[in-house]
Amino acid sequence: FALLNQKIVMILQSRATWMGVLLTAVLIIGYYWLREVYNPGYIQKVIDNEITYRYFDVNEGHVGDWSFYLEYLSKTGNSSWYLWALAGVVAVFISKQKSLRSVLQYTALNATAFLFVISYSETKIEWYALPLFPLMAILTAGSFIYLHEFISLKFRGNFVHMKWIPIVVFAG
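For the structure given in this document, a descriptive report is provided here. For clarity, every value in this text was computed on a predicted model and none was experimentally measured.

**Here's the deal with helix H6 (residues 98–120)**
Working step 1: Here H6 spans 33 Å end to end across 23 residues, near enough to the 33 Å set by a 1.5 Å rise per residue.
Working step 2: Along H6, the residues classified as buried are Leu100, Leu104, Gln105, Thr107, Ala108, Ala111, Leu115, Ile118 and Ser119.
Working step 3: Considering only its buried residues, H6 is in contact with helix H4 (68–75), helix H5 (81–94) and helix H7 (132–154).

Given below as structure tokens:
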């Protein structure tokens, strides 16, 4: 996200960034070190269970191909709702509101990265996709905001027609 917004140099030059990285590293390393001291073999168990066992091997028969989560998301609840989330991704490129584009861009990048990570995993379980639902809800809201923006510009502020949008959208 910082790369897309051309702020990576500013972030990397910031003292606060490096203090945050250092603090995070100290807390994580300290936590795992203490757990290893009190429970010898803890780090190896984490590596075995969380990284290699669940991610690179099929766990308890939960198998699926790379499109498992895409199929799951398209068939959950009202199967057309994910199309509104995709419309939110399109709004990233065509919305005139910089703040809306920025939020949707950040959300779409997070959703895509998360979907890529869980799709690459060998173990496929439906609830692994649950963190995508709030992200997709934000994208869906973004598509409605863009739709409102588009219609407002089209009708030049004549909001008489705006009251029918929810009825038309949710009727199908």
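**Quick look at the layout of surface pockets**
Working step 1: Roughly 280 Å³ of internal volume is contained in the second largest pocket.
Working step 2: Around the second largest pocket, the lining is made up of 14 residues, and of these Leu70, Leu86, Ala111, Leu115 and Met136 lie nearest the centre.
Working step 3: Of all the secondary-structure elements, those providing two or more residues to the lining of the second largest pocket are H4, H5, H6 and H7.
Working step 4: Here the lining of the second largest pocket is built from residues that sort into 12 nonpolar, 2 polar and no charged.

Reading the values: the criteria
Residues numbered from 1 in each chain as written. Predicted model: local features only at pLDDT ≥ 70, side-chain atom pairs only at ≥ 80, totals over all residues. Heavy atoms only, no water. Helix = DSSP H or I, 4+ residues; strand = E, 2+ residues; numbered from the N terminus. Expected span 1.5 Å × (residues − 1). Buried < 20%, exposed > 50% of the residue type's maximum accessible area, 1.4 Å probe, protein only. Contact = heavy atoms within 4.5 Å. 1 Å grid on protein atoms, 1.4 Å probe; cavity = no way out; pocket = protein on both sides within 12 Å on 5 of 7 lines; lining within 4 Å. Points joined across faces, edges and corners; volume = space filled by probe spheres on them. Nonpolar A, V, L, I, M, F, W, Y, C, P; charged D, E, K, R; others polar.

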